[in-house]
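# Secondary and tertiary structure notes
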Amino acid sequence: MPKRVDHGERRTQIAEALIRVAGRRGLHAVGMRDVAAEAGVSLRLVQYYFETKEKLLFYGLQHLTDRFTARVGSRLAAAGPDPGPRATIEALLLASLPTDEEGRTFHLLYSSYAILSVTDEALAAQPFIDNPDAAENAVAGLLEQAQASGLADPGIDARTEAISLLAMAATLGTSILVGQRGPESAIAVLHHHLDRIFTTAETPAVG
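Model, not experiment: these values are computed from the prediction.

### Quick word on the packing of helix α5 (residues 85-95) against helix α9 (residues 158-177)
- Where α5 meets α9, the axes come as close as 9 Å, and the angle between the chain directions of the two elements is 30 degrees. When the axis of α5 is compared with that of α9, the two are roughly parallel. With respect to the hand of their crossing, α5 and α9 are arranged in right-handed fashion. Counted together, Ile-89, Leu-92 and Leu-93 of α5 and Leu-165, Leu-166 and Ala-169 of α9 form the full contact between these two elements.
- Its residues placed into classes, the contact of α5 with α9 shows six nonpolar, no polar and no charged.

The structure is reproduced here in structure tokens:
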């Protein structure tokens with residue numbers, strides 16, 4: 001009896017291969033043949049599942065996003081059973097920094113996807129991210145929650161601070177990637193701005 005193929009597992013295997021080879025060579029330099037060789041499967045099989053390089057890239061982006069979500073989740077789990085707004089924001093921001101191999105791959109490929117979506121017509125025809133404001137909305141909501149609990153400066157504009165923190169993390173990530181500064185320096189900058197926003201330690205609001 002022939003072995004039953006798990007198509008979801010096979011697609012994940014190919015997406016993981018894309019991430020590995022793109023992490024080494026850069027997304028722009030990766031072809032479907034390279035991904036097939038990395039995955040240990042035939043080019044025909046990669047084409048069967050994804051048809052075009054653009055479809056493979058978009059599936060790879062979703063897989064990369066899922067891996068990032070799991071990375072944030074691991075940081076939140078390490079923060080305890082009920083992390084407050086600051087710990088949650090910190091987990092999101094620090095997970096995006098290329099402070100280890102996983103973070104380096106995420107930042108490099110996510111940035112590459114963004115650039116390619118501007119210059120590649122096939123990629124530009126589709127949305128780069130299904131919900132581009134998701135992270136911004138999440139951080140702004142957490143800041144508003146912190147303000148309501150007396151944990152954050154009531155005078156700040158939560159939306160503006162959310163945009164600033166996310167943009168800062170992205171820029172700091174690139175500065176680490178190109179060797180401008182080390183991870184410790186980048187993390188210190190983020191902590192400086194979080195200390196400015198959060199006026200007190202995270203404790204439940206009374207009453």
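### Quick notes on the pattern of salt bridges
- Summed over all chains, the structure comprises twelve salt bridges.
- Across the pair Glu-51 and Lys-55 runs a salt bridge whose closest N-O atoms are separated by 2.6 Å.
- Owing to a relative accessible area of 44%, Lys-55 belongs among the partly exposed residues under this scheme.
- Between Arg-86 and Asp-195 there is a salt bridge whose closest N-O contact spans 2.8 Å. In this pair, Arg-86 is assigned in helix α5 and Asp-195 in helix α10 (residues 183-197), connecting sequence segments 109 residues apart.
- Look at Arg-86 and you get buried, because its relative accessible area is 17%.
- A relative accessible area of 47% places Asp-195 in the partly exposed class.
- Each of Glu-16, Arg-67 and Glu-102 takes part in salt bridges that share partners, so that together they form one network.

Calculation notes
Residues numbered from 1 in each chain as written. Predicted model: local features only at pLDDT ≥ 70, side-chain atom pairs only at ≥ 80, totals over all residues. Heavy atoms only, no water. Axes fitted to C-alpha atoms, helices over the stretch in contact; angles between N-to-C directions. Helix = DSSP H or I, 4+ residues; strand = E, 2+ residues; numbered from the N terminus. Parallel < 35°, antiparallel > 145°, perpendicular 65-115°, else oblique. Left-handed = near helix turned anticlockwise from the far one by under 90°. Contact = heavy atoms within 4.5 Å. Nonpolar A, V, L, I, M, F, W, Y, C, P; charged D, E, K, R; others polar. Salt bridge = Lys/Arg side-chain N within 4 Å of Asp/Glu carboxyl O. Buried < 20%, exposed > 50% of the residue type's maximum accessible area, 1.4 Å probe, protein only.

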